[in-house]
Amino acid sequence: QVQLVESGGGLVQAGGSLRLSCAASGSIFSINAMGWYRQAPGKQRELVAASTSGGNTRYADSVKGRFTVSRDNAKNMVYLQMNSLKPEDTAVYYCNARVVTTTSIYGVDYWGKGTLVTVSS
C-alpha cells in the first residue's frame with residue numbers, strides 16, 4: 001500500500017504565499033510523475049502542476065509564473081510553492097503520484113486526501 005499525506009494548506013490573503021508539501025510512503029519501488037491537482041467548489045478536479053522523476057515540469061496556464069513544483073526524489077516528496085495567490089486559487093489541493101511497485105511495474109495513481117487552500121480578497 002502507498003499513502004500520500006499533504007500539509008501546508010490554510011487561509012491566506014490575496015497576494016500572499018503558501019507552500020504545500022506531500023510525502024509518499026509505503027511499498028514504493030519508484031515514483032514517475034508526482035504533482036498537484038485542485039478542485040474548487042462546483043468545479044472538476046484540474047491539474048495544477050506536475051513533475052517527472054527526471055525533473056520535467058508542466059503547469060496549468062492559470063498558475064504559470066506564480067507556482068513552482070519541486071521534488072525530493074530521495075525522500076519521495078513533492079512541494080508546491082504558491083506565490084501571488086488569488087481568490088480564484090481557493091480549492092482543495094490534492095497530491096498525486098504515479099507509483100511503481102513490485103506488483104505494478106507500469107505504475108498506479110495514488111491520491112492524498114487533500115488540503116484546503118483559501119485565499120481571501
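Residues numbered from 1 in each chain as written. Predicted model: local features only at pLDDT ≥ 70, side-chain atom pairs only at ≥ 80, totals over all residues. Heavy atoms only, no water.

> I'm lost on the packing of aromatic side chains in this one. Help?
Here the distance between the centres and the angle between the planes together describe a pair of aromatic rings. Here the structure, examined in full by the defined rule, presents one aromatic pair. One residue, R19, lies across the ring of Y79, its end atom 4.2 Å from the ring centre. The lysine or arginine in question, R45, covers the ring of W111, its NZ or CZ lying 4.7 Å from the ring centre. (Phe/Tyr/Trp six-rings, centres within 6.5 Å; stacked < 30°, edge-to-face > 60°. Lys NZ or Arg CZ within 6 Å of the ring centre and 35° of its normal.)

> Can you walk me through the state of the cysteines in this structure?
Linking two cysteines covalently through their sulfur atoms gives a disulfide. Taken as a whole, this structure holds one disulfide when the rule is applied. The disulfide that involves C22 links it to C95, with 2.0 Å between the sulfurs. Across the S-S bond of C22 and C95 the torsion is about -80 degrees, and the bridge reads as left-handed. Of this pair, C22 sits in strand β3 (residues 18–26) while C95 sits in strand β9 (residues 91–101), placing them 73 residues apart in sequence. C95 gets classed as buried once you look at its relative accessible area, which sits at 0%. (Disulfide = S-S within 2.5 Å. Helix = DSSP H or I, 4+ residues; strand = E, 2+ residues; numbered from the N terminus. Buried < 20%, exposed > 50% of the residue type's maximum accessible area, 1.4 Å probe, protein only.)

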